[in-house]
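# Tertiary structure, described
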Amino acid sequence: MMIYLDAEQQGQIARHGEATYPHEGCGLLLGQLDPDAIRVAEVLTVDNVREDSRHNRYVIAPEDVLRAEREADAKGLELVGFFHSHPDAAPVPSDYDLEHASWPGFAYVIVSVQQGRATTTRAWQLSPDRTTFEELTWMEPSLSDEGGVRQ
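The numbering scheme is per chain: residues are counted from 1 as the chain's sequence reads. In keeping with the predicted nature of the model, local features appear solely for residues at pLDDT of at least 70, side-chain atom pairs appear and are counted solely at 80 or more, and the whole-chain, interface and lining totals rest on all residues. Computation of side-chain values: all heavy atoms of the structure, hydrogens and water removed.

## Quick notes on the sheet that holds strand β6 (residues 117-126)
Taken in spatial order, the eight strands of this open sheet run β7-β6-β5-β4-β2-β3-β1-β8, and their pairing is mixed. Each having just a single partner strand, β7 (133-135) and β8 (137-139) make up the two edges of the open sheet. Pairs of neighbouring strands in the sheet enclose a mean axial angle of 35°, with direction left out of account. At least two DSSP bridges between two strands are needed for those strands to be called paired. Under the DSSP-based scheme used, a helix requires at least four consecutive residues in state H or I and a strand at least two consecutive residues in state E, with every element numbered from the N terminus. Alignment of strand β1 (residues 2-4) against β8, held across three bridges, turns out to be parallel. The residue bridging Tyr-4 from the neighbouring strand is Met-139, located in β8. Helix-sheet contacts for helix α1 (residues 7-20) involve β1, β2 (26-33), β3 (37-46), β4 (78-87), β5 (107-114), β6 and β8, and the interaxial angle to β3 is about 35°. Contact criterion: two residues are considered in contact whenever any of their non-hydrogen atoms come within 4.5 Å of each other. Orientation is described by lines fitted to C-alpha atoms, with helices fitted over the stretch in contact, and by angles between N-to-C directions that extend from 0 to 180 degrees. Helix α2 (residues 62-74) rests against β2, β3 and β4 of the sheet, and its axis sits at about 30° to β2.

As structure tokens, then:
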């Protein structure tokens, strides 16, 4: 499975991770879920509303998820994933991430922020049985002459 995320969107995720350091930053991804790809059209940053352990945990408020779903619907898109940062840790889902992930098929993008600077970003997808994450193949979309995304 592939994820399409352009350089501007990757930069937005990285900047949010840096801005929220040393806490985890988080947000939502809007776009399209295709049988062979997750196509991100928009990145929405939100506040980490977790009150404790914000350095290694995040919570997205339910009202932020609802707002994102409404915004996606109004734009002809859908909620396709989430992102968060790992301060001073690798961009690999933790056991906690796996235990609390509840959206199979969605993208889970993680940016590593080392000493305040975003370094590496990786993307994952929760398996249908919710027992593991599988890494997504990273693709940057390029525009065709018709203005669409070329595969």
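The discussion continues.
## A closer look at the layout of surface pockets
Which parts of space are left empty comes out when a probe the size of a water molecule is rolled across the atoms. The rule is simple: put a 1 Å grid over the protein atoms alone, call a set of points where a 1.4 Å probe fits but cannot get out a cavity, call an open set with protein on both sides within 12 Å along at least five of seven lines a pocket, and count a residue as lining if it has an atom within 4 Å of a point. Grid points are joined across faces, edges and corners, and a volume is the space filled by probe spheres set on the points. Within this model, the largest pocket holds a volume of roughly 320 Å³. Listing elements by their share of the lining of the largest pocket, those giving two or more residues are β4, α3 (95-100) and β5. It is α3 that contributes the most residues to the lining of the largest pocket, three residues altogether. Only Asp, Glu, Lys and Arg are considered charged in this grouping, and only Ala, Val, Leu, Ile, Met, Phe, Trp, Tyr, Cys and Pro are considered nonpolar; every other residue, Gly among them, is considered polar. In the lining of the largest pocket, the residues fall into twelve nonpolar, three polar and one charged.

## Some thoughts on the pairing of β6
Pairing geometry for β5 and β6, over seven bridges, is antiparallel. By the bridge assignment, Val-113 is partnered in β6 with Ala-118. Turn length for the β5-β6 hairpin, with the two strands adjacent in sequence and antiparallel, is two residues, and the turn residue Gln-115 shows positive phi of about 50°. In this structure, β6 lies alongside β7, joined through three bridges in antiparallel fashion. Following the sheet pairing, Leu-126 is matched in β7 by Phe-133. Between β6 and β7, which pair antiparallel and follow one another directly, the connecting turn spans six residues, one of which, Arg-130, has a positive phi of 65°.

## Here we look at the packing of aromatic side chains
When two rings of Phe, Tyr or Trp (its six-membered ring) have centres within 6.5 Å they constitute a pair, described as stacked for plane angles under 30 degrees, edge-to-face for angles over 60, and tilted for the intermediate range. Under the counting rule described, the total for this entry stands at five aromatic pairs. In this analysis the charged atom, NZ for Lys or CZ for Arg, is taken to sit over a ring once it is within 6 Å of the ring centre and within 35 degrees of the ring normal. Over the aromatic face of Tyr-4 sits the side chain of Arg-39, whose NZ or CZ is 4.4 Å from the ring centroid. Of note, Arg-57 hangs over the ring of Tyr-96, and the distance from its end group to the ring centre comes to 4.0 Å.

## Brief notes about α1
When the terminal C-alpha atoms of α1 are compared, their 20 Å separation across 14 residues agrees well with the 20 Å that a helix rising 1.5 Å per residue should span. A 1.4 Å probe rolled over the protein chains alone gives each residue an accessible area, and that area as a share of the maximum for its type sets the label: buried under 20%, exposed over 50%, partly exposed in between. What α1 keeps buried is the set Gln-9, Gly-11, Ile-13, Ala-14, His-16, Gly-17 and Thr-20. Among the structural elements, β1, β2, β3, β4, β5 and β6 are those in contact with the buried residues of α1. By the criterion applied in these results, polar contacts are pairs of N or O atoms within 3.5 Å in which, for protein atoms, one can donate a hydrogen and the other can accept it, and in which residues neighboring in sequence qualify only through two side-chain atoms. Sitting at the head of α1, Asp-6 places a side-chain oxygen 3.1 Å from the backbone nitrogen of Glu-8. By definition here, a helix of n residues has an expected span of 1.5 Å times n minus one.

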